[in-house]
Amino acid sequence: MNCNSRKPSILISSNPNIARPKVPLFSPRSIRLTQIGGICHENFVEKTHSDQPADRAAICFASCPAFFAPEHAPQRSELGVRFMRPNFSSDDADLSLLSGVYELNFNIPFGDQFSFIGIFPFSTFSAKDEDSESGIGNIYLGLQTRPPAASTNKSSLSFGVFLPTASDELAPVVMGLYSNYYEMQKYIFDLMTIYGNYAFCREQSNVIFSFEVGPNIFIPTKKEREGELFAHYGVFGGVKLNQLILGAELTGLVVISEDVDRFEDRFVHAVGFGIHWRGDNFKPTLFYQIYLDEEYKDVVDGVLGIKLNVIIP
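Cut-offs used in this document
- Residues numbered from 1 in each chain as written.
- Predicted model: local features only at pLDDT ≥ 70, side-chain atom pairs only at ≥ 80, totals over all residues.
- Heavy atoms only, no water.
- Phe/Tyr/Trp six-rings, centres within 6.5 Å; stacked < 30°, edge-to-face > 60°.
- Helix = DSSP H or I, 4+ residues; strand = E, 2+ residues; numbered from the N terminus.
- Buried < 20%, exposed > 50% of the residue type's maximum accessible area, 1.4 Å probe, protein only.
- Contact = heavy atoms within 4.5 Å.
- Core = buried A, V, L, I, M, F, W, Y, C linked by side-chain atoms within 4.5 Å.
- Pairing = 2+ DSSP bridges.
- Salt bridge = Lys/Arg side-chain N within 4 Å of Asp/Glu carboxyl O.

Student: Can you explain the packing of aromatic side chains? Please cite residues and give values.
Tutor: Inspection of the entire model under this criterion finds 16 aromatic pairs. Each ring, one from Y181 and one from Y296, has its centre 5.4 Å from the other, and the planes form 65°; the classification is edge-to-face. A residue pair is termed long-range when its members are at least 10 positions apart, and Y181 in the loop between α1 (170-179) and β9 (191-204) and Y296 in helix α2 (residues 294-297) qualify at 115 residues. The pair Y181 / Y296 is uniform in exposure class, with both members buried. Between F263 and F267, the ring centres sit 5.2 Å apart and the planes meet at 65°, which makes this aromatic pair edge-to-face. Since its relative accessible area comes to 18%, F267 is described here as buried. An aromatic cluster of at least three residues, connected via ring pairs, comprises F88, Y178, Y181, Y291 and Y296.

Student: Explain the environment of F114 residue by residue, including any values.
Tutor: By the element assignment, F114 lies in strand β5 (residues 114-125). The exposure class of F114 is partly exposed, given its relative accessible area of 38%. Taking the C-alpha atoms as reference points, F114 and T145, 31 residues apart in sequence, are found 4.5 Å from one another. Not counting residues within four places of it along the chain, the set of residues in contact with F114 comprises I108, P109, Q144, T145 and R146.

Student: Would you mind going over the nonpolar core in detail, with residue names and values included?
Tutor: In terms of nonpolar packing, the biggest core is built from 32 residues, with F88, Y178, Y181, M184, Y291 and V300 touching the most fellow members. The element contributing the most residues to this core is α1, with seven residues. In this structure, Y291 is in contact with L177, Y178, S179, N180, Y181, V268, H269, A270, Y296, K297, V300 and V303, ignoring residues within four places of it in sequence. Formed by five residues, the second largest nonpolar core is a distinct cluster that contains I119, Y140, F162 and Y195.

Student: Got a sec to walk through the pairing of strand β14 (residues 282-291)? Specific residues and values, please.
Tutor: Side chains K283, T285, F287, Q289 and Y291 of β14 all project onto a buried face; the interleaved residues F282, P284, L286, Y288 and I290 project onto a face where none is buried. One ladder, built from seven bridges, connects strand β13 (residues 267-277) with β14; its direction is antiparallel. Each residue of the ladder has a partner; that of A270, found in β14, is Y291. Where β13 hands over to β14, the hairpin turn is made up of four residues, counted between the paired strands. Strand direction decides the pairing type here: β14 and strand β15 (residues 300-311), joined by eight bridges, are antiparallel. When the sheet's bridge partners are listed, L286 is paired in β15 with I306.

Student: An account of the pattern of salt bridges is requested, with residue identities and associated values reported.
Tutor: Tallied over the full model, the rule gives ten salt bridges. The salt bridge partner of K283 is E78, with a shortest N-O separation of 2.8 Å. In this pair, K283 is assigned in strand β14 and E78 in strand β3 (residues 78-88), connecting sequence segments 205 residues apart. Judged by its relative accessible area of 6%, E78 falls in the buried class. Here K240 makes a salt bridge to E203, at a shortest N to O gap of 2.8 Å. With K240 in strand β11 (residues 228-241) and E203 in strand β9, this residue pair connects regions lying 37 residues apart in the sequence. Take K240: its relative accessible area is 19%, and that puts it in the buried class. Three or more residues are tied together by salt bridges with common partners; here these are R82, E103, E183 and K186.

Right, dumping it as structure tokens:
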């Protein structure tokens, strides 16, 4: 069974002395992942095995709309945690309850118009009859403009860098990509990403609308590999019932620099539904995300997310 893509661009693998399949990454519809809980992403899900060693090579700060964060530029310092767990379609992928991607983030305002942002991703994989693997992701450090608190139409700009801090374990990368493809730059090792984002949010009466868009510039840390240019975008709509917010979002990622057979092959989209409590000091969120692309739907039924933001005194 061949799990290679039509046009391999940049590959991920772990230690070259360990038997691993080639795993092409860039080009959204060309991902093929094997030997992780019996998952092979080639329009089917079944047990796979490989006796061939892999080549030694390497291979997504969401603001207002992404993953139900209606306050994309808080006026007070916040500390946040987030957990996302994929629900794989295969019965063979018997994940443990705590397998998934974790994230610790902070947003600290300074001056009148800016905030300092940090994100620390972490992925872990554990399943029946499989070796457990965990690893840190690429740490993000950046700045964000902060609109006036009383403004009805709020917009902000973000700019930062994902540092190449991710571990080179294969399973955490796979968990990150299937849990959160929209922010895949958080999980790919040997990669630095220059990230930009423009976000707009309008909140009037009981209706909230927002969108975001920006570039992801992938810069591999290995000289023999080429960089890639992606763009991310998202739209959020919701209703506010006192402090309770019910909403839905559409997120998308498009590869700009990669050659593809069809124009639609450049895109990966997901739709999400969630509920958010906008408390004074505690802001919990529960959401569920579904991929719209068949190649992902065949592997992942959906992704469950839990999020909590806390005001820092």
